[in-house]
Amino acid sequence: QSSTRSHGRPTTFVEFLQYVQIEDANRGTIPMELWPHLLERAQSWQSGVSEIVLKARQIGVSWLLAAYALWRAMYQRGATVLELSAGQAEAYELLGKSRSIWEGLPDALRAPTAVDAAGELSFLGGGRIMALPATQKAGRGYTASLVIPDEAAFHPWAAANYGAYKPTLDGGGQLLMVSTANGASGFFHDMWRASERGETPYGAVFLPWNV
């Protein structure tokens, strides 16, 4: 808290998470619980590591992604966070979690918005989050600081999308490709296996249901 008072904002993503509140279906608005698997990912992501994450459902990862996207967009001038989801409704849902977190922040930490729309959330003096459905051409024309293909195993054009945003990654952007399993084939499955074997520049992370 002392660094927040001194600098006007948390200096790390892990510190930022102390102020994050999420929406729980049963308990309403509650502080985010930093379970060990979430803290490990938060520490990794804030260091800039790119990861392919194979995860179980209902273990808090989507809220962590939403918080990280918000932290990057609010506090990194010129940042573009590109979120790709299977469909438009799913894209808006992930962005909506970032918006919900923003609304629950203390006033001193809540950067003023420049654009607040269904598919975009941008901040004065900061950056923006763009939420897109993973269509065949999604990802083209953007220079992103962070790319989040969410539930990537269910994206019909995942390989084409990767080809579109890969130049961003080669230029220093961060990739957090996250999904639950969808069979033993497909682009996400192949990327995770290749990363597990050390054949990509991305870390392979497995988060089973019992984390």
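Residues numbered from 1 in each chain as written. Predicted model: local features only at pLDDT ≥ 70, side-chain atom pairs only at ≥ 80, totals over all residues. Heavy atoms only, no water.

Draft legend 1. Layout of the overall build of the protein. Looking only at helices and strands, the protein has seven helices and ten strands in total. Here the protein has a C-alpha radius of gyration of 16 Å; the compact-globule value for 211 residues is 17 Å, and the two agree. Expressed as lengths along the three principal axes of its C-alpha atoms, the size of the protein is roughly 50 × 40 × 30 Å. Restricting to contacts in the protein with at least 6 residues of sequence separation, those with at least 24 account for 69%. Per element, the accessible surface of the protein, about 9800 Å² overall, is 50% carbon and sulfur. A distance of 5 Å separates the average location of the 17 positive side-chain charges in the protein from that of its 19 negative side-chain charges. (Helix = DSSP H or I, 4+ residues; strand = E, 2+ residues; numbered from the N terminus. Rg over C-alpha atoms; globule rule 2.2 N^0.38 Å. Contact = heavy atoms within 4.5 Å. Areas by Shrake-Rupley, 256 points an atom, 1.4 Å probe, with all protein chains shown as cover. Lys, Arg positive; Asp, Glu negative; His and termini not counted. Charge placed at Lys NZ, Arg CZ, Asp CG, Glu CD.)

Draft legend 2. Summary view of empty space enclosed by the protein. Summed over all chains, the structure comprises one cavity of 30 Å³ or more. Considering the residues around the largest cavity, the lining is formed by Leu 84, Pro 149, Ala 152, His 155, Ala 158, Asn 161, Tyr 165, Met 177 and Phe 187. Tallied by class, residues from the lining of the largest cavity come to seven nonpolar, two polar and no charged. (1 Å grid on protein atoms, 1.4 Å probe; cavity = no way out; pocket = protein on both sides within 12 Å on 5 of 7 lines; lining within 4 Å. Points joined across faces, edges and corners; volume = space filled by probe spheres on them. Nonpolar A, V, L, I, M, F, W, Y, C, P; charged D, E, K, R; others polar.)

Draft legend 3. Representation of the layout of surface pockets in the model. Size it by volume and the largest pocket reaches roughly 730 Å³. Taken together, 28 residues line the largest pocket, and the ones lying closest to its centre are Gln 58, Gly 60, Ser 62, Trp 63 and Lys 97. Here the lining of the largest pocket gets four residues from one element, more than from any other, and that element is helix H5 (residues 88–104). Of the residues contributing to the lining of the largest pocket, the split by class is 13 nonpolar, four polar and eleven charged. The computed volume of the second largest pocket comes to approximately 210 Å³. Around the second largest pocket, the lining is made up of 17 residues, and of these Asn 182, Gly 183, Ser 185, Phe 188 and His 189 lie nearest the centre. Broken down by element, the lining of the second largest pocket gets its largest block of residues, five residues, from helix H7 (residues 187–196). Residue composition of the lining of the second largest pocket, grouped by class: nine nonpolar, seven polar and one charged.

Draft legend 4. Quick look at the pairing of strand S5 (residues 113–117). Taken together, the four bridges between S5 and strand S6 (residues 120–123) define a ladder with antiparallel strand orientation. In the strand pairing of S6, Val 115 is matched with Ser 122. Two successive antiparallel strands, S5 and S6, enclose a turn made up of two residues. (Pairing = 2+ DSSP bridges.)

Draft legend 5. Geometry of the nonpolar core. Ranked by size, the top nonpolar core spans 47 residues in total, and within it Phe 13, Phe 16, Leu 70 and Met 74 carry the most contacts. Here this core gets 13 residues from one element, more than from any other, and that element is helix H4 (residues 61–75). Discounting chain neighbours no more than four positions away, the residues touching Phe 16 are Pro 10, Ala 67, Leu 70, Trp 71, Met 74, Tyr 75 and Leu 105. (Core = buried A, V, L, I, M, F, W, Y, C linked by side-chain atoms within 4.5 Å. Buried < 20%, exposed > 50% of the residue type's maximum accessible area, 1.4 Å probe, protein only.)

Draft legend 6. Just H4, in detail. Taking 1.5 Å of rise per residue, 15 residues should cover 21 Å, and H4 covers 21 Å from first to last C-alpha, within 8% of that figure. Across the 15 residues of H4, 15 count as buried, placing the element largely inside the fold. (Expected span 1.5 Å × (residues − 1).)

Draft legend 7. Region of interest: the packing of H4 against H5. Running from N to C, H4 and H5 cross one another at 65°; their axes reach a closest spacing of 8 Å. With respect to each other, H4 and H5 are oriented roughly perpendicular. As H4 packs across H5, the resulting crossing turns out to be right-handed. Residue-level inspection shows Ser 62, Trp 63, Ala 66, Ala 67, Ala 69, Leu 70 and Met 74 of H4 in contact with H5, the latter providing Leu 94, Lys 97, Ser 98, Ser 100, Ile 101 and Trp 102. Taken together, the residues of the contact of H4 with H5 break down into nine nonpolar, three polar and one charged. (Axes fitted to C-alpha atoms, helices over the stretch in contact; angles between N-to-C directions. Parallel < 35°, antiparallel > 145°, perpendicular 65-115°, else oblique. Left-handed = near helix turned anticlockwise from the far one by under 90°.)

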